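The chain contents come next:
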Amino acid sequence: MKVLPKIGKFVSEDRNFTIEITKADPKNSDLEVNYKANFSPKGAFTQKAQKGHFYHVRTGKAPFAMDVEVINRPEGHAYCILDNWTGVYKEDNTLWMEGARSFVNENGEIETLNLGRLKFSLS
């Protein structure tokens, strides 16, 4: 039997980001994730992740390699915020993740940002 990432809310140590794992599928390594960012060029947002995956290297045991991709693009496409997180899910049920963000809007304004290397803990 495979050990899966725990279902629950993982909050970053700076309290700016939440990765909530709502489902982990061992058949295809997919994660369903709800995501919250407390800041962006357009303010705080909550969004379902478009992609999330976990990959074990020892069958049935953590740690897992893990990634999450979140796209915040409102109807009408006035802007797009793309947050990517990559890292590991550790045996102690913490996430060690590094994040990056890109932003572009219809006026041609752009921004790229390193979101940091952060520990996420179950809340």
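Description of the structure in this document.

Let us look at the overall build of the chain. On a plain count of helices and strands, the chain comes out with zero helices and nine strands. Its helices and strands in sequence order give the chain the pattern β-β-β-β-β-β-β-β-β, from N to C terminus. In summary, the chain has a C-alpha radius of gyration of 15 Å against a globular reference of 14 Å for 123 residues, a match within 12%. Across the 123 residues in the chain, those meeting the buried criterion constitute 37%. Sequence separation of at least 24 residues holds for 39% of the intrachain contacts in the chain that already meet a minimum separation of 6. Carbon together with sulfur atoms contributes 49% to the accessible area of the chain, which is approximately 7100 Å² in total.

With that out of the way, let us pick up the packing of aromatic side chains. According to the stated counting rule, one finds nine aromatic pairs in the structure shown. Between Phe17 and Trp85 the ring centres are 5.0 Å apart and the planes differ by 65°, which places this aromatic pair in the edge-to-face class. Note that Phe17 is positioned in strand 2 (residues 17-25) and Trp85 in strand 7 (residues 79-89), a separation of 68 residues in sequence. Arranged with centres 5.4 Å apart and planes meeting at 80°, the rings of Phe54 and Phe64 form a pair that is edge-to-face. Residue Phe54 is located in strand 5 (residues 51-58), and its partner Phe64 is located in strand 6 (residues 61-72); the two are separated by 10 residues in the primary sequence. Residue Phe54 shares its accessibility class with Phe64, and that shared class is buried. Here the aromatic residues Phe17, Tyr35, Phe39, Phe45, Trp85 and Phe120 are joined through ring pairs into a cluster of three or more.

The next thing to look at is the pairing of strand 3 (residues 30-37). Here strand 3 shows a clear split, with Leu31, Val33, Tyr35 and Ala37 buried on one side and none of Asp30, Glu32, Asn34 and Lys36 buried on the other. The sheet contact formed by strand 2 and strand 3 spans eight bridges and is antiparallel. Considered in strand 3, the bridge of Thr18 is made with Lys36. The pairing of strand 3 with strand 4 (residues 45-48) spans four bridges and is classified as antiparallel. Each residue of the ladder has a partner; that of Lys36, found in strand 4, is Thr46.

What counts and how
- Residues numbered from 1 in each chain as written.
- Predicted model: local features only at pLDDT ≥ 70, side-chain atom pairs only at ≥ 80, totals over all residues.
- Heavy atoms only, no water.
- Helix = DSSP H or I, 4+ residues; strand = E, 2+ residues; numbered from the N terminus.
- Rg over C-alpha atoms; globule rule 2.2 N^0.38 Å.
- Buried < 20%, exposed > 50% of the residue type's maximum accessible area, 1.4 Å probe, protein only.
- Contact = heavy atoms within 4.5 Å.
- Areas by Shrake-Rupley, 256 points an atom, 1.4 Å probe, with all protein chains shown as cover.
- Phe/Tyr/Trp six-rings, centres within 6.5 Å; stacked < 30°, edge-to-face > 60°.
- Pairing = 2+ DSSP bridges.

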